[in-house]
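Summary of the model geometry
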Amino acid sequence: MPLRPTKHSGLTTVACTECRKQHLKCDAKRPSCSRCLQTDLPCQYVASRRGGRRKPAHHKDPIASSTSYRESVPPMPSYGIPPVFPRTPSDAANPPVLAPTPTNTTFSQRLSATDLNDAAGDGSSWLGMLPANDDVSGGFSGIENDDRLRRLYYENFHAAHPVLVPSSLYSDQNYPAYLQAVVHFVGSHYTPSGRTKEHKEQVVEHLASNNESSPATVQAWLIYAIVLNARNETSEAQSALTQGIDLALKLGMNRGDFASSHGEYSVEAESMRRTWWELHITEVHMALSLSTFTGRCSALAPDVALPCEESIYNRGKDIPAPCGMLDFKRRILAAEDPIFSSYSYRIEATMILGRVIVLNSIPECHRDQVQAAENALVSWTNHLPAKKFDIVDAYGNVDEMMFQAHLTIAYAAMLLHLPRSNLQPVLAQPERRQFWPGPSSHLQLSSTSTRLVHSIKATEASRQISDSISVCPNILKHSPFVIPSLSLCGMIQLATCTVHSDECFDHHCNRVNLILGCLKSARRTWELAESSYRNLRISAADLMSDSIERCHWNTTTLNPVILSRSASTDPTRPSSAGLDGQDLIVTDLPPAFFDRACFNSPFFTVVPGPNMI
């Protein structure tokens with residue numbers, strides 16, 4: 001058929017890149033079209049691809065087909081970072097998307113082409129729109145970002161040992177480089193990179209070259225000693241703690257007027273008070289793992305004022321007038337029930353723990369001295385205000401200071417009663433005598449009934465620890481000093497299950513399983529938890545294997561539990577209230593369905609003789 005003539009439209013077959021970008025008509029004049037010449041823009045022409053060989057449809061790239069990208073796009077890197085295109089004069093209107101660097105962001109997922117186009121539309125960086133990821137990408141190298149390590153320090157360690165200023169004031173405090181290196185070293189333990197060795201080398205280098213005598217140096221040695229002790233590097237931890245105590249005494253941080261010299265109600269003064277008391281607490285707890293207790297801080301008069309509440313301190317302003325230790329001790333004589341800070345109760349609990357440590361080291365201890373320590377343990381609990389009994393508030397926030405205080409009291413009770421009980425011969429001594437009470441050969445035990453009473457109290461103290469840790473099982477959010485108490489708690493539960501009947505075996509077994517799980521979680525970060533977990537697991541395998549086989553629950557012999565809904569009430573049948581107010585009647589309940597409570601009538605109702613201790 002003859003071809004039909006077409007009407008001339010005046011449109012050209014080509015257009016410059018600027019007219020294409022703005023979807024405008026182009027007269028295609030060379031070297032510059034009329035529109036680009038009028039707006040003083042660079043005019044460029046790209047050869048048309050019409051008539052060329054087309055690629056198969058399944059090979060099309062959505063990014064390459066976009067008009068806002070180049071015709072040839074390099075491949076996307078494996079970790080999702082978009083490529084950087086060479087800039088041309090035509091890119092002035094649309095700035096390119098910059099590739100991120102290891103110092104500003106990491107990526108947890110790839111970005112689509114639409115996300116990149118939307119982010120680049122306003123000319124601002126799209127890096128700030130992405131959620132940060134704590135994991136370091138495999139394509140990045142070098143030591144982790146300092147800001148990230150500082151954040152990890154405050155999220156995981158600071159709440160347990162609140163010595164430095166709150167995180168909001170950290171940058172303004174302008175801490176020296178050696179203290180910042182210690183903070184980064186602590187934070188590196190909570191990263192999966194495992195580069196704690198490099199950070200420790202930096203700390204050693206900074207502290208070795210530091211000749212400054214300042215409270216910041218004391219804080220650096222203190223925090224460094226706590227972490228070294230958690231890493232099971234006991235000799236280095238002892239040396240670091242000694243350095244910190246020596247310098248603190250040299251500066252006079254044990255005097256009450258030292259903190260006030262930094263401002264009566266300032267955050268810096270509060271930090272100084274906390275530094276001294278944290279030295280006191282650390283010295284007591286490390287004495288258990290080092291098997292030596294010098295008591296240099298404990299032997300001094302408690303002249304330093306007590307810290308305030310954590311909620312007030314974290315605000316970073318309006319620090320109230322501090323209370324003295326004498327006012328705290330007089331609370332038992334007050335007509336009302338005064339409430340002090342949680343840190344104050346933690347300090348007193350640590351003082352009682354120090355008394356027990358000294359008591360166990362005396363070859364011939366009088367029973368009145370043991371009774372005095374027991375009275376202090378019971379009185380601490382009885383004089384607690386109702387507000388301080390709970391370690392978790394209605395919003396799920398954990399009072400870390402009260403959590404440590406309760407665990408410290410229970411730990412002191414276990415250390416006091418276990419050597420004087422009939423439980424210790426059941427357990428084999430651990431390979432290292434860490435946090436283990438001394439042998440009972442030098443203790444004067446008057447009767448079998450007395451040893452039985454100590455066994456009951458040791459078991460009850462271990463139960464309190466397991467109950468507390470079940471409320472807050474994330475060990476890494478707590479102080480590493482809770483690890484020894486957990487280990488001894490598991491050991492006492494093991495010893496108790498060997499002398500109790502099989503009816504309550506599952507009760508003790510579940511507590512041991514709880515402690516093993518917590519230690520297994522903490523051992524990924526702290527070497528001290530690794531050794532504790534290993535000792536407890538080996539002891540559990542030796543003592544519980546036969547009982548597990550003997551008390552094994554044969555599910556084939558159990559009848560199904562039938563729950564029926566009934567509106568009638570029968571006092572002879574066990575029932576529980578349903579969701580709609582009706583009763584759920586439990587029928588055909590097998591005896592082994594629930595763990596038997598740990599209650600043995602002859603064991604708990606023994607009437608001791610007059611010689612209690």
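Residues numbered from 1 in each chain as written. Predicted model: local features only at pLDDT ≥ 70, side-chain atom pairs only at ≥ 80, totals over all residues. Heavy atoms only, no water.

As recorded in an unreviewed UniProt entry, the protein goes by Zn(2)-C6 fungal-type domain-containing protein and comes from Aspergillus wentii DTO 134E9.

1. Overview of the pattern of salt bridges
Two side chains with opposite charge may pair up if their charged atoms get near one another. Keep this limit in mind: Only one rule defines a salt bridge in this text: a Lys or Arg side-chain nitrogen within 4 Å of an Asp or Glu carboxyl oxygen. With a 1.4 Å probe rolled over the protein chains alone, any residue whose accessible area is under 20% of its type maximum counts as buried; one over 50% counts as exposed, and the rest are partly exposed.
In total, this model carries 18 salt bridges according to the counting rule given. The salt bridge partner of Arg 231 is Glu 233, with a shortest N-O separation of 3.0 Å. Residues Arg 231 and Glu 233 agree in their burial class; the two are buried. Put simply, Lys 200, Arg 231, Glu 233 and Glu 236 are held in one network by salt bridges that share partners.

2. Let's talk about the nonpolar core
Just so we agree on the cut-off: Here, nonpolar core refers to any group of buried Ala, Val, Leu, Ile, Met, Phe, Trp, Tyr and Cys residues whose side-chain atoms link them within 4.5 Å. Each helix is a run of H or I in the DSSP string that is no shorter than four residues. Each strand is a run of E no shorter than two, and both are numbered from the N terminus. Contacts are assigned to residue pairs that have any heavy atoms within 4.5 Å of one another.
Within the largest apolar cluster, 125 residues are counted, with the highest numbers of intra-cluster contacts made by Leu 164, Tyr 224, Leu 279 and Trp 380. Considering each element in turn, this core owes the most residues, 13 residues, to helix H16 (residues 400–417). Setting aside anything within four residues of it in sequence, one finds Leu 164 in contact with Tyr 153, Tyr 154, His 158, Tyr 170, Tyr 175, Leu 179, Val 183, Gln 219, Ile 223, Ser 271 and Tyr 313. One finds Ala 15, Cys 16, Cys 19 and Cys 43 within the second-largest nonpolar core, a separate group that totals seven residues.

3. With respect to the UniProt feature "domain: Zn(2)-C6 fungal-type" (unreviewed entry) in the protein
Heads up, the condition is: UniProt positions are given in the numbering used here, feature names are shortened, and annotations may be inferred rather than shown by experiment.
Taking the UniProt record as the reference, the feature "domain: Zn(2)-C6 fungal-type" (unreviewed entry) is found at residues 15–45. Along residues 15–45 the backbone is 35% helical and 0% strand, and the end-to-end C-alpha distance reaches 7 Å.

4. Focus on helix H9 (residues 234–251)
Under the convention used in this document: The span one expects for a helix is its residue count, reduced by one, times 1.5 Å. Think of the arc as the fan of directions from the helix axis to the C-beta atoms.
The end-to-end C-alpha separation of H9 is 26 Å, in line with the 26 Å expected for 18 residues at 1.5 Å each. For H9, the set of buried residues is Thr 234, Ala 237, Ala 240, Leu 241, Gly 244, Ile 245, Leu 247 and Ala 248. Down the axis, H9 shows its buried residues gathered within 165° of arc, on one side only. Of the residues in H9, the exposed ones pointing more than 90 degrees away from the buried face are Ser 235 and Lys 250. Of the residues trailing H9, Gly 252 is marked for its positive phi of about 80°.

5. So, the confidence of the model for the protein
In regions of low pLDDT, the predicted coordinates are not meant to be interpreted in detail. Test applied: pLDDT is a per-residue confidence score from the predictor, ranging from 0 to 100.
Confidence in the prediction of the protein, expressed as mean pLDDT, is 74, and 65% of residues score 70 or more. Looking at the elements of the protein, mean pLDDT is at its lowest for helix H3 (residues 113–120), recorded as 36, and at its highest for helix H8 (residues 215–230), recorded as 96. In the predicted structure, residues 553–569 sits below a pLDDT of 50 and forms 30 contacts with residues beyond four places in sequence or in another chain.

6. Remarks on the packing of helix H7 (residues 196–208) against H8
Selection criterion: Helix axes are fitted to C-alpha atoms over the stretch in contact, other axes to C-alpha atoms as well, and angles between N-to-C directions run from 0 to 180 degrees. Helix crossings are classified by the rotation of the near helix relative to the far one: an anticlockwise turn of less than a right angle makes the crossing left-handed, while a clockwise turn makes it right-handed. Side-chain classes are defined by residue name, with Ala, Val, Leu, Ile, Met, Phe, Trp, Tyr, Cys and Pro counting as nonpolar, Asp, Glu, Lys and Arg as charged, and the others, Gly among them, as polar.
Look at H7 against H8: their axes get within 12 Å of each other, and the N-to-C directions meet at 145°. In the packing of H7 onto H8, the handedness of the crossing is left-handed. Each of Lys 200, Val 203, Val 204 and Leu 207 in H7 lies in contact with H8, whose residues at this interface are Ala 220, Trp 221, Tyr 224 and Leu 228. A breakdown of the residues in the contact of H7 with H8 according to their chemical character gives seven nonpolar, no polar and one charged.

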